[in-house]
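A structural walkthrough
The lines below spell out each chain.
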Amino acid sequence: DKIESLVTFPIDHLDMTKYVLSHISDPQQQQLNSGQAFSETQGADNLSTSYRLYAVANHYGTLTGGHYTANVFNGHLDEWNNFDDTR
């Protein structure tokens, strides 16, 4: 059965510190992560673990079929846009 529970979370400053590994052993991954913006909360490796929501994918229907839409934030225009291929 499809889970239909409402999930709430902050749009700004989603703190993921307790879900991030304290040490990343892959040097290439460390280099990729070091360029992260919006650094307010720092993990053990001084990497940002605070995130800003910029998109939401929505599914309407059942596990065997349905329809997807998306809401995406446009930072240049400072507005949310809705994408729905049935319109």
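Residues numbered from 1 in each chain as written. Predicted model: local features only at pLDDT ≥ 70, side-chain atom pairs only at ≥ 80, totals over all residues. Heavy atoms only, no water.

For the rest of this paragraph, the subject is the overall build of the chain. Each helix and strand counted, the chain has 1 helix and 5 strands in total. Listed N to C, the secondary structure of the chain is β-α-β-β-β-β in terms of helices and strands. In the chain, buried positions account for 13% of the 87 residues. Here the contacts in the chain between residues at least 6 apart in sequence split such that 30% fall between residues at least 24 apart. A total of about 7,300 Å² of accessible surface is found on the chain, and carbon and sulfur atoms cover 54% of it. (Helix = DSSP H or I, 4+ residues; strand = E, 2+ residues; numbered from the N terminus. Buried < 20%, exposed > 50% of the residue type's maximum accessible area, 1.4 Å probe, protein only. Contact = heavy atoms within 4.5 Å. Areas by Shrake-Rupley, 256 points an atom, 1.4 Å probe, with all protein chains shown as cover.)

A pair can form between side chains of opposite charge whenever their charged atoms are brought close. Taken as a whole and judged by the stated rule, the model has 1 salt bridge. We note a salt bridge from arginine 52 to aspartate 12, for which the minimum N-O separation is 3.0 Å. Remark: aspartate 12 occurs in the segment before strand S1 (14-15) and arginine 52 occurs in the loop between strand S2 (50-51) and strand S3 (55-61); sequence separation between them is 40 residues. On the accessibility criterion, arginine 52 (46% relative accessible area) is partly exposed. The exposure class assigned to aspartate 12 is partly exposed, which follows from its relative accessible area of 38%. (Salt bridge = Lys/Arg side-chain N within 4 Å of Asp/Glu carboxyl O.)

Moving on, we come to the environment of isoleucine 3. Looking at where isoleucine 3 falls in the secondary structure, it is placed in the segment before S1. Separated by 59 residues in the primary sequence, isoleucine 3 and threonine 62 have C-alpha atoms spaced 9.7 Å apart.

Phi at histidine 13 is positive, roughly 60 degrees, even though this residue is not glycine. One can find histidine 13 in the segment before S1. Backbone geometry places aspartate 78, a non-glycine residue, at a positive phi of 55 degrees. Examined against the element boundaries, aspartate 78 turns out to sit in the loop between strand S4 (66-74) and strand S5 (79-83). Classification of aspartate 78 by relative accessible area gives exposed; the value is 60%.

Taking strand neighbours across the sheet as the criterion, the 3 strands line up as S3-S4-S5 in an open arrangement whose pairing is antiparallel. Edge strands, defined here as strands with exactly one partner in the open sheet, are S3 and S5. Going from strand to strand, the sheet's axes swing by 20 degrees on average, the running direction of each strand aside. Where S3 lies against S4, 7 bridges are found, and the strand directions are antiparallel. (Pairing = 2+ DSSP bridges. Axes fitted to C-alpha atoms, helices over the stretch in contact; angles between N-to-C directions.)

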